[in-house]
Every structure is written in structure tokens, then in C-alpha cells.
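# What the coordinates show
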Amino acid sequence: MDKVRVGIIGSAFSSNIHAEAFQEVPEAEVVAACSPNKSHVEEFARKWKIPGTFTDVRKLLDRKDVDAVVIGIPNDLHRATVEAAAKAGKHVIVEKPIAHTLEDADAIVAACKKHKVKLMYAETICFTPKYVRAKKLVEQGAIGKVYMVKQGEKHSGPHSDWFYDARRSGGGALMDMGCHGIEWARWMYGKPRPKSVVAHCQRVLHTGRTMAEDNSVVILEFDGGGIAVIENSWAKHGGMDDRVELYGTSGVIYCDLLHGSS
């Protein structure tokens, strides 16, 4: 089987996670990396043994030996980069959220459809072994009919300054992490249509650093009556927290992603 040859656009936090993950995927090979910071991308490439480095994304996209790109750059740069990648015939994995505005998200989807390339956003928790096990238990009827699910992802704030600029990021904790919990909830219920959405947002810790929310609670009701509660925070001290709860007519499941045996 031929390997999928990958270029990573970006060389900071999320790109390191992707580069590490590709070490576990024998069907793929990272062949190039790109960042406008020459010393940073060269250090990144040495760390992960990536042969090609670029500071101009257009030169990476011109490479014939790149089949797909992973885009891990600030949200406001997603649209232009995805459009260029799609035009170059590269399949795209883009870090969440897809874009910082709905207009840009629609344009990204349209560009990938036009050029007939795959578009994927970098979802994680629907593939996490603990949560996959919970999904299988639900499908097996282990807790009866599920009527409410909860998911929370919380920490004390992002690692890069651009996250706090709502003009670049599109929002705060909800925009940053809420897509995970919302997609997880849809997945648990079999991806029904949402019936109603209520969101409560606060700015409680990073009041001098951002105009966006740093704490949020979203309540979703789906067709069929299922409810989801999604909690996201940049204001929680004490480290990262990621957990789910599933309530059914015959039982309950609790899952802590980062603590305890899987």
C-alpha cells in the first residue's frame, strides 16, 4: 500500500501533536513542514525527522510529493490556506474550529467541494478509547435509552496569545473547545438534528486579556428529546479536565479522559 504523504502547515502546539500522532500511522508519512519562522520550523522538522522545510506555504503546496496537508495555524488564517491547498489538489485536515466566521467556514467547504478534495477537521474525543467504549455500551443498550449527556473540557487558558484576540480566534472557550463536546453529543445520540440551543457565557478570569468568554455552558436539545450539556472553560485552575457523563433509563456511565484506568 502506498503511503499518504503529508505536509504540516504550522510548527507550534497543535502541529507537534499531529506530528507525534503520525508516528503511530504506518500508512502515512510526514514529508514537509511550513512556518514563517525559519528557525522554529527547522527545529520542529529536526525533532520529528521531517525532510522538507518551508517558510512560504505556496512552495509546500507546489510539492508533487505532498498528498494532504494538516493546518494548525491561527483561525483567521484558515480560509486562505485551505483555499490555496484545495486549489493545489491537496486533501485537508484543519484544526478546529474550521474557521473564525461562518462566512469563512462556508467558503472553505465550497473550495474543497469545487476542487474535489477531502476536508476534515481535527476531531479527537470521538476517537478516544474511553469515549469509544462508552459509545459501544450505549449502542449495546447497556444503559437503556439515553436521555441526557454531559461533556466538559476545562483548563486555565490557551498557550498562545492569538487565542485571546476574538478578531483572530472568533471567540473564547466555547469557540475553542465547544466543537468537541457538541460533536461528541451528536455522535452519542446518532447525529440527530438540534432542536434548540441555549448558551450562557462569562468572562471571569482573563478579564484584562480578552473580550471573549472564558467560561461557558451550552444546553442542546435534539430531535427525539435527548439533551446535552456542554461545559467549556479557560478559567479553571488545577490543570486540564475532560470528562463525560451519560444518563440512560437503565443506568449511567461516567468517563474521565485524563484520570483512572480506561
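Refer to the structure presented above.
### Thoughts on the overall build of the protein
The number of helices and strands found in the protein is 8 helices and 12 strands. A compact globule built from 262 residues should have a C-alpha radius of gyration of about 18 Å, and the protein, at 19 Å, falls within 12% of that. Over its C-alpha atoms, taken along the principal directions, the protein stretches across nearly 55 × 50 × 40 Å. Counting all 262 residues of the protein, 47% fall into the buried class.

### Section: the packing of helix 1 (residues 13-22) against helix 2 (residues 38-48)
Put simply, helix 1 and helix 2 touch, their axes get as near as 11 Å, and they point 25 degrees apart. Between helix 1 and helix 2, the angle falls in the class roughly parallel. As helix 1 runs across helix 2, the sense of the crossing is right-handed. Of helix 2, the residues touching helix 1 (which contributes Ser15, Asn16, Ala19 and Glu20) are Phe44, Lys47 and Trp48. For the contact of helix 1 with helix 2, the residue count by class is 3 nonpolar, 2 polar and 2 charged.

### A short note on the pattern of salt bridges
One pass over the structure, following the stated rule, counts 17 salt bridges. Asp104 is the partner of Arg79 in a salt bridge, and the nearest nitrogen-oxygen pair spans 3.0 Å. Residue Arg79 is found in helix 4 (residues 78-87), and its partner Asp104 is found in helix 5 (residues 102-114); the two are separated by 25 residues along the sequence. Looking at Asp104, the relative accessible area reads 10%, which means it is buried. Between Asp165 and Arg167 there is a salt bridge, and its shortest N-O distance comes to 3.1 Å. In this structure Asp165 comes out as partly exposed when scored by relative accessible area, which is 23%. Residue classification places Arg167 among the exposed residues on the basis of a relative accessible area of 69%. Several salt bridges share partner residues, and in doing so they unite Arg79, Glu83 and Asp104 into one network.

### A few points about the sheet that holds strand 10 (residues 227-233)
The strand order 8-9-10-7-11-12 describes an open sheet built from 6 strands, whose pairing is mixed. The open sheet has two free edges, formed respectively by strand 8 (194-202) and strand 12 (252-256), since each of these has just one partner strand. Along the sheet, successive strands turn relative to each other by an average axial angle of 10 degrees, direction set aside. Looking at chain direction, strand 11 (residues 241-248) and strand 12 are connected through 5 bridges and run antiparallel. Paired with Glu245 across the bridge in strand 12 is Tyr254. Packing of helix 6 (residues 129-139) onto the sheet brings it into contact with strand 7 (146-154), strand 11 and strand 12, and relative to strand 12 it is tilted by some 170 degrees.

### Topic: the pairing of strand 2 (residues 28-34)
Most of strand 2 is tucked away, with 6 of its 7 residues classed as buried. Pairing of strand 1 (residues 4-9) with strand 2, which is carried by 6 bridges, proceeds in the parallel orientation. Residue Gly7 lies in a different strand from strand 2, and its bridge partner there is Ala32. At this point the chain moves from strand 1, through helix 1, to the parallel strand 2, and the crossover so formed is right-handed. Relative to strand 3 (residues 52-54), strand 2 runs parallel, the two being bridged by 3 bridges. Residue pairing across strands places Cys34 opposite Phe54, the latter belonging to strand 3. Taken together, strand 2, helix 2 and strand 3 form a β-α-β motif whose crossover is right-handed.

### Quick notes on the layout of surface pockets
Its boundaries defined by the atoms lining it, the second largest pocket holds a volume of some 320 Å³. Contributions of two or more residues to the lining of the second largest pocket are made by helix 8 (173-188) and strand 8. With 7 residues, the single largest contributor to the lining of the second largest pocket is helix 8. A per-class count over the lining of the second largest pocket returns 10 nonpolar, 1 polar and 2 charged.

### Here we look at the sheet that holds strand 2
In spatial order, the strands read 3-2-1-4-5-6; together these 6 strands make up an open sheet with parallel pairing. Edge positions in the sheet fall to strand 3 and strand 6 (119-121), since each has one partner strand and no second. Mean inter-strand twist for the sheet, computed between neighbouring axes without regard to direction, equals 25 degrees. Seen against the sheet, helix 2 touches strand 1, strand 2 and strand 3 and runs at an angle of roughly 165 degrees to strand 3.

### Considerations on the environment of Val6
With respect to the helices and strands, Val6 occurs in strand 1. Classification of Val6 as buried rests on a relative accessible area of 3%. The spatial distance from the C-alpha of Val6 to the C-alpha of Ala19 is 9.9 Å, given a sequence separation of 13 residues.

Reading guide: rules and limits
- Residues numbered from 1 in each chain as written.
- Predicted model: local features only at pLDDT ≥ 70, side-chain atom pairs only at ≥ 80, totals over all residues.
- Heavy atoms only, no water.
- Helix = DSSP H or I, 4+ residues; strand = E, 2+ residues; numbered from the N terminus.
- Rg over C-alpha atoms; globule rule 2.2 N^0.38 Å.
- Buried < 20%, exposed > 50% of the residue type's maximum accessible area, 1.4 Å probe, protein only.
- Axes fitted to C-alpha atoms, helices over the stretch in contact; angles between N-to-C directions.
- Parallel < 35°, antiparallel > 145°, perpendicular 65-115°, else oblique.
- Left-handed = near helix turned anticlockwise from the far one by under 90°.
- Contact = heavy atoms within 4.5 Å.
- Nonpolar A, V, L, I, M, F, W, Y, C, P; charged D, E, K, R; others polar.
- Salt bridge = Lys/Arg side-chain N within 4 Å of Asp/Glu carboxyl O.
- Pairing = 2+ DSSP bridges.
- Right-handed = clockwise from strand over helix to strand, strands pointing away.
- 1 Å grid on protein atoms, 1.4 Å probe; cavity = no way out; pocket = protein on both sides within 12 Å on 5 of 7 lines; lining within 4 Å.
- Points joined across faces, edges and corners; volume = space filled by probe spheres on them.

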